[in-house]
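Residue-level listing of the chains:
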Amino acid sequence: MTTKAPGKVLLEMKGIGKSFPGVKALEGVNLTIREGQVHALLGENGAGKSTLIKILSGAYTRDEGEIFFDGQLADIKAPADAERLGISTIYQEFNLAPNMTIAENIFLGHLPTKAGRIDWATVRSKSRELLDSLDVSLPVDTMTGRLSVAQQQMVEIAKALNRNTRILIMDEPSAVLSERDIDNLFAVVRRLQAAGIGIIYISHRLKEIFELADEVTVLKDGRYVDTKQVSDVDMDDLVKLMIGRDLADVYPKRKAELGEVVLEVSHLGQAHLAKDVSFELRAGEIIGFAGITGSGRTEAVRVIFGADKPTGGEMKLLGKPYRPTSPRDAIDQGVALVTEDRKRQGLLLKLQVYFNTTVSGLQRLTKFGVLQLKDEQTLVKKWIKDLRIKTPSPEFMVVNMSGGNQQKVILARWLSLGIKVFILDEPTRGIDVGSKAEIYQIMSDLAEQGVAIIMISSELPEVLGMSDRVMVMREGRIVKVLDRADASEEAVMHYAVGHDEAIAE
Amino acid sequence: MSSVQSTALDKRQGFLKIVLASPILGPVAALLLASIFFAFATPRFLSGDNFSLILQQVMVVGVLAIGQTLVIITTGIDLSNGMVMALAGVLIASFAAQKGINPFLSILVGILIAMAFGMLNGALVTGIGLPAFIVTLGTMNIAYALTRIYTTSTITGLPKELTFLGDTFKIGGTAIANGTILMILLYAVTWFVLKYTAAGRSVYAVGDNVEAARLAGIKTNRVLVGVYTFAGLAYGIAALLQVARTGVGDPQAGQTSNLDSITAVVLGGTSLFGGRGSIVGTLIGALIVGVFRNGLQLMGVESTYQVLITGILVIAAVSVDQLTHRK
């Protein structure tokens, strides 16, 4: 981060408040954005970030407070008002028409005309210009549906630039990207910043804020906490502002009492994605799998869970041959998987908390062929209490819960089954710091009870903070095993992206 | 959005939301309103005999709709049910009346053939991964053709075992058909299975998200084949009801039953997007259609207009459903 003279104030939000019947979603929130500034907006889920963003982009109208744009009172009542001022938002779910070309998407709703006909020459040349300015070399007539997530994001940014954006709001833009794509995104953000655009950057990843942002505003429970220069604070300060607790407490200390070997994996392969994966996992041990996206970690654990068929190798569970034919088979033998994509592969989104909690263990709740709904209620209420799942009732639809609470519902599902091997694939992705700490604590408690744990994570601090051993995967192979003591971010990254000599070890 | 806010929204819309979001209350309200309207519009509507008649008129589609409900909860759709019913009905009637086969054995074979069609639908949907719409469009035509190949004439002279379900008994002067009791029994059993068994839960889980259900340990292929086969069982029983009610084996039966059963399911609040729906709702949905048809008939409205009004009803019901469940 470079220190530079602060730019002109573009936007000032003062004392913003918003109530929904029965609850104050926002109260007294201030936000000042300058030209060429990256301003991070930080807070746990439910802190009010989304509400604030929606007020600024015209999706909600505020109840209290004032908004100044260019020093003038601005009344944003509808998305069109925000657009006129040059405020654009890139949401996590992109707003692109998949069956239209990049150029058509960039000009969607703003197609220039010449003598009553669409001026395609301008559309194409201007689109090319915008893509070039973002260092994107894709042909402008590529269908957006065929682009990678990272490329689609670039199209969204080009679309915003085409509308003379002066403030760009980015809602967790890195959550959907791989490490390499994130670097590229950062480069683009810095370029926009240099062009004088004010950027509001929302992220759960504190590390990114230190890498990218100039200023940071923290919200908590709908209230304004503070605004700081990023250079004046460290990670501990930010966590304390967000959750009122120290970062040191996030990764629980525990004594690893390793027991017998629970799972033995030898030469496991899955198509061309995972090749020759071998390791042993002991009771009470947490193994962290590090590596870049596509290194074969997810593919390997899916085979262990019986979700995919192996193309080679063998496994043993508690010394006996283990070859699960389906997830059900794996679950019955005591192996569980928390999937990477919570919404598509984990939860039954439009069903209730109780349904999601007990769906894998209904046989245990069945007597003489009949589900014991009262026993189910008791069980579900116990887990809601034990894991501190925030829900109005067991009948609440999980789609309406925050990421952290959704993840706890999934944990409850598996914990109620008494598992021996617990595999967690990106267990804290898109989850606020408070819930993260709780999930780490749960993992730690399980390990102490003798459960063997495999954790896949792309967040290095998490891998290093939680694992007894770190397995680094690259191109379908485990290229390095690091003990807790030897594991550092540099070492892990070195092997994760390293060169061929590392494989030879 | 934060959970705090959505909770508050829930509270605000409390009563309205319960009425609109409950799979049953909306259809029940519609049924009551329609009944009140017809009670005022025509003096003959409000009588025990007329209600009994409505129940007899809906029992065939009502039982078909049981199978349709389960299929739709799993995000599928079954276009074949009317034709499968016609085939099973013709075979049951022909075996018993023309081939001299024991009537009960005839019924059993007819039902098994309907179940075999269901199982075929399920196997094609899971095994090859074809959309249910296409699979059942195909089996619908196959069942239709097989019926016509077997016979094009109506089969008469049925033994009394085949018409028993069309017979009535009297409770306090009102005649009630045996088939009506069977229909209500089938609804009760299905309701119990959906609410009180692991298998019933699996149906909803598969309908919400088939991959997530598989990764939660549900044998999704087995559930889907089971659902389509169970639906086939319902169609076989519907065939028996159809035969009993009309007293003949009719190769022309069931021509519009697939759409009629979908109408009942949709009016009953089951989502075509899967994962959400109620079997009691379907019964109410079938009754709504029955009440409208009957009431309009009593008012002297032509049958073409009855169809028109049913069409409007379906679109209105699905629109209300869509608007109340939109995120």
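Just so you know, these numbers come straight off a predicted model, no measurement behind them.

### Things to note about the overall build of chain B
Line of reasoning, step 1. Secondary structure summary: chain B contains 15 helices and 2 strands in total.
Line of reasoning, step 2. What you see for chain B is a C-alpha radius of gyration of 20 Å, in line with the 20 Å of a compact globule of 327 residues.
Line of reasoning, step 3. Dimensions of chain B along its principal axes, counting C-alpha atoms only, are 70 × 55 × 35 Å.
Line of reasoning, step 4. Across the 327 residues of chain B, 50% fall into the buried class.
Line of reasoning, step 5. Restricting the contact set of chain B to residue pairs at least 6 apart, pairs at least 24 apart contribute 76%.

### Quick look at the overall build of chain A
Line of reasoning, step 1. For chain A, the count of helices and strands is 18 helices and 24 strands.
Line of reasoning, step 2. Whereas a compact globule of 505 residues would reach a radius of gyration of roughly 23 Å, chain A reaches 25 Å, a difference of no more than 12%.
Line of reasoning, step 3. Here the C-alpha coordinates of chain A stretch approximately 75 × 55 × 50 Å along the principal axes.
Line of reasoning, step 4. Counting across all 505 residues of chain A, residues that qualify as buried make up 48%.

### Some words on the domain arrangement of chain A
All names here are of chain A.
Line of reasoning, step 1. Its domain assignment divides chain A into domain 1 (9–247), domain 2 (259–334 + 420–505) and domain 3 (346–418).
Line of reasoning, step 2. Its C-alpha centre places domain 1 at a distance of 35 Å from the equivalent point of domain 2.
Line of reasoning, step 3. Counting from both sides, the interface comprises 9 residues of domain 1 and, opposite them, 7 residues of domain 2.
Line of reasoning, step 4. Considering each element in turn, the side of domain 1 that touches domain 2 owes the most residues, 3 residues, to helix H8 (residues 235–243).
Line of reasoning, step 5. Looking at the side of domain 1 that touches domain 2 residue by residue, the classes come out as 4 nonpolar, 3 polar and 2 charged.

### Description of the nonpolar core
Line of reasoning, step 1. Counting residues in hydrophobic clusters, the biggest one holds 248 residues, and the most contacted among them are Ile423(A), Val472(A), Val63(B), Ala88(B) and Ile92(B).
Line of reasoning, step 2. The residues contacting Val472(A), other than those within four sequence positions of it, are Ala290(A), Gly291(A), Ile478(A), Val479(A), Lys480(A), Leu482(A), Val492(A), Tyr495(A) and Ala496(A).

### As for the sheet that holds strand S16 (residues 312–317) of chain A
Residue and element names in this part refer to chain A.
Line of reasoning, step 1. The strand order S14-S13-S16-S17 describes an open sheet built from 4 strands, whose pairing is antiparallel. Across the chains shown, the open sheet's two edge strands, defined by having one partner strand only, are strand S14 (274–282) and strand S17 (320–321).
Line of reasoning, step 2. Two elements, S16 and S17, share 2 bridges in a ladder whose sense is antiparallel. The residue of S17 that forms the bridge with Leu 317 is Lys 320.

### Thoughts on the environment of Pro173(A)
Residues and elements named next belong to chain A.
Line of reasoning, step 1. Here Pro 173 lies in the loop between strand S9 (167–171) and helix H6 (179–194).
Line of reasoning, step 2. When the 26 C-beta atoms within 10 Å are taken as the criterion, Pro 173 is described as buried.
Line of reasoning, step 3. Taking C-alpha positions, Pro 173 is 21 Å from Thr 227, a pair spaced 54 residues apart along the chain.
Line of reasoning, step 4. Those residues in contact with Pro 173, other than ones at most four positions away along the chain, are Ile 90, Gln 153 and Leu 185.

### As for the packing of helix H4 (residues 48–73) of chain B against helix H13 (residues 257–267) of chain B
Residues and elements named next belong to chain B.
Line of reasoning, step 1. Orientation of H4 relative to H13, taken along the N-to-C sense of each, is 70°, at an axis distance of 8 Å. If you check the angle between H4 and H13, you find them roughly perpendicular. Of the two possible hands of crossing, H4 and H13 adopt the one that is right-handed. Residues Val 61, Gly 62, Leu 64, Ala 65, Gln 68, Thr 69 and Ile 72 of H4 lie in contact with H13, whose contacting residues are Ser 257, Asp 260, Ser 261, Ile 262, Ala 264 and Val 265.
Line of reasoning, step 2. When grouped by side-chain class, the residues that make up the contact of H4 with H13 number 7 nonpolar, 5 polar and 1 charged.

### Quick look at the packing of H13(B) against helix H14 (residues 279–298) of chain B
Axes are the key here: two packed helices are described by the angle between their axes and the distance separating the axes.
All names here are of chain B.
Line of reasoning, step 1. Relative to each other, H13 and H14 sit at 115°, their axes nearing to 7 Å. For the element pair H13 and H14, the recorded crossing hand is right-handed. Of the residues in H14, those touching H13 at Thr 263, Ala 264, Val 265, Val 266 and Leu 267 are Thr 282, Gly 285, Ala 286, Ile 288 and Val 289.
Line of reasoning, step 2. Its residues placed into classes, the contact of H13 with H14 shows 7 nonpolar, 3 polar and no charged.

### Some details on unusual backbone geometry
Residue and element names in this part refer to chain A.
Line of reasoning, step 1. Of note, Asp 276 is a non-glycine position whose phi angle comes to about 50°, a positive value.
Line of reasoning, step 2. Positionally, Asp 276 belongs in strand S14.
Line of reasoning, step 3. For Glu 475, which is not a glycine, the phi torsion comes out positive at approximately 50°.
Line of reasoning, step 4. With respect to the secondary-structure elements, Glu 475 resides in the loop between strand S23 (469–474) and strand S24 (477–483).
Line of reasoning, step 5. Accessibility expressed as a C-beta count within 10 Å gives 16 for Glu 475, which makes it partly exposed.

### So, the sheet that holds strand S15 (residues 286–290) of chain A
All names here are of chain A.
Line of reasoning, step 1. Read across the sheet, 6 strands follow the order S18-S21-S22-S15-S23-S24 without closing on themselves; strand pairing throughout is mixed. Looking at the sheet topology across the chains shown, the edges are occupied by strand S18 (335–338) and S24. The sheet shows a mean angle of 20° between the axes of neighbouring strands, taken without regard to direction.
Line of reasoning, step 2. Relative to S24, S23 is paired through 6 bridges, and the arrangement is antiparallel. By the bridge assignment for S24, Arg 469 is matched with Asp 483.
Line of reasoning, step 3. Of the strands in this sheet, S15, S23 and S24 touch helix H17 (residues 489–497), which is tilted by about 25° from S23.

### Digging into helix H13 (residues 373–386) of chain A
Residues and elements named next belong to chain A.
Line of reasoning, step 1. Along its 14 residues, H13 runs 20 Å from first to last C-alpha, staying within 8% of the 20 Å computed at 1.5 Å per residue.
Line of reasoning, step 2. When we look at burial in H13, the residues that qualify are Glu 376, Leu 379, Val 380, Trp 383 and Ile 384. Taken around the axis of H13, the buried residues stretch over an arc of 135°, which confines them to a single face. Away from the buried face of H13 by more than 90 degrees, exposed residues Lys 374, Thr 378, Lys 385 and Asp 386 are located.
Line of reasoning, step 3. The inward-facing, buried residues of H13 abut helix H12 (353–358), strand S20 (370–371) and helix H14 (403–415).
Line of reasoning, step 4. Where H13 terminates, the next one or two residues include Arg 388, which has phi positive at roughly 50°.

### Remarks on helix H6 (residues 103–128) of chain B
Line of reasoning, step 1. Taking 1.5 Å per residue, 26 residues should reach 38 Å; H6(B) reaches 37 Å between its end C-alpha atoms and fits that length.
Line of reasoning, step 2. Count one or two residues on from H6(B) and you reach Gly129(B), which has phi positive near 75°.

### As for the confidence of the model for chain B
Residues and elements named next belong to chain B.
Line of reasoning, step 1. When the pLDDT values of chain B are averaged, the result is 90; 92% of them are 70 or greater.
Line of reasoning, step 2. Every residue in residues 1–12 scores below 50 in pLDDT, and together they form 30 contacts with partners more than four places removed in sequence or on other chains.
Line of reasoning, step 3. Note on the complex model: pTM 0.76, ipTM 0.87.

### Looking at the environment of Lys382(A)
Line of reasoning, step 1. Along the chain, the position of Lys382(A) falls in helix H13.
Line of reasoning, step 2. Taking the C-alpha atoms as reference points, Lys382(A) and Ile209(A), separated by 173 residues in sequence, lie 38 Å from one another.

### Side note on the pairing of strand S3 (residues 38–42) of chain A
Residue and element names in this part refer to chain A.
Line of reasoning, step 1. With 5 of 5 residues buried, S3 lies mostly within the body of the structure.
Line of reasoning, step 2. In S3, alternate side chains face the same way, and those of Val 38, Ala 40 and Leu 42 on one face and His 39 and Leu 41 on the other are all buried.
Line of reasoning, step 3. Relative to strand S10 (residues 198–202), S3 runs parallel, the two sharing 4 bridges. By the bridge assignment, Ala 40 is partnered in S10 with Tyr 201.
Line of reasoning, step 4. Both S3 and strand S11 (residues 215–220) contribute to a ladder of 4 bridges, which runs parallel. Paired with Ala 40 across the two strands is Val 216, which belongs to S11.

Thresholds applied
- Residues numbered from 1 in each chain as written.
- Chains lettered and ligands numbered in written order.
- Predicted model: local features only at pLDDT ≥ 70, side-chain atom pairs only at ≥ 80, totals over all residues.
- Helix = DSSP H or I, 4+ residues; strand = E, 2+ residues; numbered from the N terminus.
- Rg over C-alpha atoms; globule rule 2.2 N^0.38 Å.
- Buried ≥ 20, exposed ≤ 12 C-beta atoms within 10 Å, placed from the backbone.
- Contact = placed C-beta atoms within 7 Å.
- Domains from an automatic or database assignment.
- Nonpolar A, V, L, I, M, F, W, Y, C, P; charged D, E, K, R; others polar.
- Core = buried A, V, L, I, M, F, W, Y, C linked by C-beta atoms within 7 Å.
- Pairing = 2+ DSSP bridges.
- Axes fitted to C-alpha atoms, helices over the stretch in contact; angles between N-to-C directions.
- Parallel < 35°, antiparallel > 145°, perpendicular 65-115°, else oblique.
- Left-handed = near helix turned anticlockwise from the far one by under 90°.
- Expected span 1.5 Å × (residues − 1).
- Arc of directions from axis to C-beta.
- pLDDT = per-residue confidence, 0-100.

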